[in-house]
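Residues per chain are reported as follows:
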There are 4 protein chains.
Amino acid sequence: MHHLDAHTATAIDQALFCYKTCHGMAMTHCLEMGGRHAEPAHLRLMAACAEICRTTAHLLLMNSEHGKHLCPECAEVCEACAADCERIGDMEPCVAACRSCAQACQALAH
Amino acid sequence: MHHLDAHTATAIDQALFCYKTCHGMAMTHCLEMGGRHAEPAHLRLMAACAEICRTTAHLLLMNSEHGKHLCPECAEVCEACAADCERIGDMEPCVAACRSCAQACQALAH
Amino acid sequence: MHHLDAHTATAIDQALFCYKTCHGMAMTHCLEMGGRHAEPAHLRLMAACAEICRTTAHLLLMNSEHGKHLCPECAEVCEACAADCERIGDMEPCVAACRSCAQACQALAH
Amino acid sequence: MHHLDAHTATAIDQALFCYKTCHGMAMTHCLEMGGRHAEPAHLRLMAACAEICRTTAHLLLMNSEHGKHLCPECAEVCEACAADCERIGDMEPCVAACRSCAQACQALAH
């Protein structure tokens, strides 16, 4: 990604990693665990987080200014998802991925 | 979509309608109902069906030959999703959308 | 989509129609026409508009509050895309789809 | 991704890397270069390759059997994209990413 500055490249990588982690864990780990892991609000938040991360990466890869415009909302959803995963427990990889992505998006938004 | 033949335009509309129905029902109706509606295998099949329909439409909209190449697999996933929704019950809109999409994709594949 | 209020259902339909129109026209009409239609900035804006509309619809279909949070940015990209399509000319379907989607997203954002 | 076997995890990483490379280069490098890089057929193939890689990864992350069903078509599009990028020249990162993804998808398909 030689055409992108370092902050943008970092945000893309964090956003794709967060997408991978949220989507993968929601559709395997959370569904299999059941109970609090399968609460509708939790699964919807995981899915929303995965989708907004995927799309933020998509726009940033084009070097579109609108990618940066999505960063504040992407960071907010990631923070909300990290907090919900901490509440539920046994979701460490998702907490870490969401926190890192939120940080990278905030760095780009400012 | 004046640039597309009638079969392709129909498949796009059916695929986007099936995406909308499967994704919307999975993330609201199925999660809220719980029980059989929230079985991991059912929710994964709904999500896989929504995603492959979304992508088949995306390629067909570009008039890419690879869109037609996805049609047999899209039809197969739609048929599997329709059958699973019939087994579970109370999923009529999804059964109908999946069957219509499968038919439109089969018409395009041949 | 019986689980959604009327404003949300309208925004989903307008966003998916705008996605279809922008993505389809960019990858066929604009690329074939060349000249101003194929300027990098125009094609990137069309692609960004298609993607953000697709994702706004995805989140709204889940009845996620974060879908509404995307609406102001979705409306802004749609307005920018409509203006650019008017500047370039011969893009009427895209202008109309973008304007309608922007309006539906603004109605939902407030 | 502790829930996935090694071949699947590799295919996911290669598919997301190929998506990133094809989408990013098409929307920046190819559009800026113009000429053969901006031929409609080339850009459509790049976009189709990016999209099918993104979706193959999405289904594989869910551990859906339908992810494996997409692998032969994903490999075919990647091979076609690699060949077209070699023909055009100055597309080495895309050639390499497409070849690696095709190989990982073929390993999973069998």
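Just so we're clear, the structure is a prediction, and the values are computed from it rather than from any experiment.

Here is what the cut-offs are and how they apply
- Residues numbered from 1 in each chain as written.
- Chains lettered and ligands numbered in written order.
- Predicted model: local features only at pLDDT ≥ 70, side-chain atom pairs only at ≥ 80, totals over all residues.
- Heavy atoms only, no water.
- Helix = DSSP H or I, 4+ residues; strand = E, 2+ residues; numbered from the N terminus.
- Buried < 20%, exposed > 50% of the residue type's maximum accessible area, 1.4 Å probe, protein only.
- Contact = heavy atoms within 4.5 Å.
- Least-squares fit on C-alpha atoms with pLDDT ≥ 70 in both.
- Buried area = accessible area lost by both parts, 1.4 Å probe.
- Polar contact = N/O pair within 3.5 Å; in protein donor to acceptor, adjacent residues only side chain to side chain.
- Nonpolar A, V, L, I, M, F, W, Y, C, P; charged D, E, K, R; others polar.
- Axes fitted to C-alpha atoms, helices over the stretch in contact; angles between N-to-C directions.
- Parallel < 35°, antiparallel > 145°, perpendicular 65-115°, else oblique.
- Left-handed = near helix turned anticlockwise from the far one by under 90°.
- Expected span 1.5 Å × (residues − 1).
- Salt bridge = Lys/Arg side-chain N within 4 Å of Asp/Glu carboxyl O.
- pLDDT = per-residue confidence, 0-100.

*Asks:* I tried to follow the overall build of chain A on my own but got confused; where do I start?
*Replies:* Each helix and strand in chain A was counted, giving 4 helices and 0 strands. For chain A, the sequential pattern of α-helices and β-strands runs α-α-α-α. Out of the 110 residues belonging to chain A, those deemed buried represent 61%. Long-range pairs, those at least 24 residues apart, make up 70% of the contacts in chain A between residues at least 6 apart in sequence.

*Asks:* Just to check I follow, could you spell out the side chain of Arg44(C) for this structure?
*Replies:* The topology assignment puts Arg44(C) in helix α2 (residues 40-61). Look past the residues within four positions of Arg44(C) in its chain and what remains in contact with it is Met62(A), Met27(D), Thr28(D), Leu31(D) and Glu32(D).

*Asks:* Would you mind going over the relation of the copies chain C and chain A with me for this structure?
*Replies:* The operation relating chain C to chain A is a screw motion whose rotation component is 180°, with 0.0 Å of axial translation and a residual RMSD of 0.0 Å. In the structure described here, the two chain copies are related by an operation that fits a two-fold rotation axis. Considering only C-alpha atoms, the part of chain C nearest the rotation axis is Thr55(C), at 3.6 Å. Interface overlap between copies: 100% of the residues of chain C at the interface are likewise at the interface in chain A, consistent with a symmetric, same-surface contact.

*Asks:* What exactly am I supposed to notice about unusual backbone geometry here?
*Replies:* In most cases, non-glycine residues show a negative phi, while peptide bonds are predominantly trans. Phi at Asp90(A) is positive, roughly 60°, even though this residue is not glycine. By relative accessible area, Asp90(A) is classed as partly exposed at 41%. Non-glycine residue Asn63(D) carries a positive phi angle of around 60°. According to the relative accessible area criterion, Asn63(D) is partly exposed, its value standing at 43%.

*Asks:* Could you clarify how one ought to interpret the interface of chain C and chain A in this entry?
*Replies:* A common way to express how large an interface is: the accessible area buried when the components associate. Across the boundary between the two partners, chain C contributes 17 residues, which contact 17 residues of chain A. Here chain C and chain A share an interface that buries about 1,500 Å² over both sides, 69% of which is from carbon and sulfur atoms. Considering only the surface of chain C that becomes buried against chain A, Glu51(C), Met62(C) and His66(C) emerge as the three largest contributors, covering 31% of it. At the surface where chain C touches chain A, the tally comes to 7 residue pairs in polar contact (both at pLDDT 80 or more). Of all the secondary-structure elements, those providing two or more residues to the side of chain C that touches chain A are α2 and α3 (65-88) of chain C. Among the elements that make up the side of chain C that touches chain A, the one with the highest residue count is α2(C) (9 residues). When the residues that make up the side of chain C that touches chain A are grouped by side-chain class, the tally is 8 nonpolar, 5 polar and 4 charged.

*Asks:* How do you make sense of the relation of the copies chain A and chain D when you look at a structure like this?
*Replies:* The two chain copies are connected by a rotation around an axis plus a translation along it. The transformation that overlays chain A on chain D combines an axial shift of 0.0 Å with a rotation of 180°, and the residual RMSD is 0.0 Å. Looking at the interface residues of chain A, 100% of them are also at the interface in chain D, so both copies use one shared face.

*Asks:* Mind showing me how you'd approach the packing of helix α1 (residues 6-33) of chain A against helix α2 (residues 40-61) of chain A here?
*Replies:* In a packed pair of helices, the relevant descriptors are the angle between the two axes and the axis-to-axis distance. Residue and element names in this part refer to chain A. In the contact formed by α1 and α2, the axes pass within 8 Å of each other and the chain directions differ by 155°. Here α2 runs roughly antiparallel to α1, going by the angle between their axes. The way α1 lies across α2 gives a crossing that is left-handed. Tallied by class, the residues present in the contact of α1 with α2 amount to 19 nonpolar, 3 polar and 1 charged.

*Asks:* Hey, could you run me through α1(A) in this one?
*Replies:* For the α-helix, the turn length of 3.6 residues means that residues three or four positions removed from each other point alike. Residue and element names in this part refer to chain A. For α1, spanning 28 residues, the distance from its first C-alpha to its last is 38 Å, which sits close to the expected 40 Å at 1.5 Å a residue. With a side-chain oxygen positioned 3.0 Å from the backbone nitrogen of histidine 7, the residue opening α1 is aspartate 5. Glycine 34 occupies a position one or two residues after α1 and carries a positive phi of about 70°.

*Asks:* Hey, could you run me through the interface of chain A and chain D in this one?
*Replies:* Contacts between the two partners involve 18 residues from chain A, matched on the other side by 18 residues from chain D. When chain A packs against chain D, the two sides together hide about 1,900 Å² of surface, and 67% of this comes from carbon and sulfur. The interface formed by chain A and chain D holds 2 salt bridges in total. Its salt-bridge partner being Asp13(A), residue Lys20(D) comes within 2.6 Å of it at the nearest N-O pair. Connecting chain A to chain D are 6 residue pairs in polar contact (both at pLDDT 80 or more). Of all the secondary structure elements, the ones that give two or more residues to the side of chain A that touches chain D are α1 and α2 of chain A.

*Asks:* What's the story with the confidence of the model for chain A in this structure? I'm lost.
*Replies:* Note: predicted coordinates in regions of low pLDDT should not be interpreted at a detailed level. On average, residues of chain A score 96 in pLDDT, and 98% of them reach the 70 mark or higher. Of the two predicted TM-score estimates for the complex, the pTM is 0.97 and the ipTM is 0.96.

*Asks:* It is not clear to me how the pattern of salt bridges should be interpreted in this structure. Could you clarify?
*Replies:* Side chains that differ in charge, positive against negative, can pair when their charged atoms come close. Counting across every chain of the model gives 32 salt bridges over all chains. Between Glu32(B) and Arg44(A) there is a salt bridge, and its shortest N-O distance comes to 3.0 Å. Note that Glu32(B) is positioned in helix α1 (residues 6-33) and Arg44(A) in helix α2, a pairing that runs across two chains. The partner of Arg99(B) in a salt bridge is Glu79(B), with the nearest N and O atoms 3.5 Å apart. Of the two residues, Arg99(B) is situated in helix α4 (residues 92-109) and Glu79(B) in helix α3 (residues 65-88); the sequence distance between them amounts to 20 residues. Look at Arg99(B) and you get partly exposed, because its relative accessible area is 32%. The class of Glu79(B) is partly exposed, set by a relative accessible area of 31%. Connected through shared salt-bridge partners, Glu51(A), Arg54(A), Glu51(B) and Arg54(B) make up one network.

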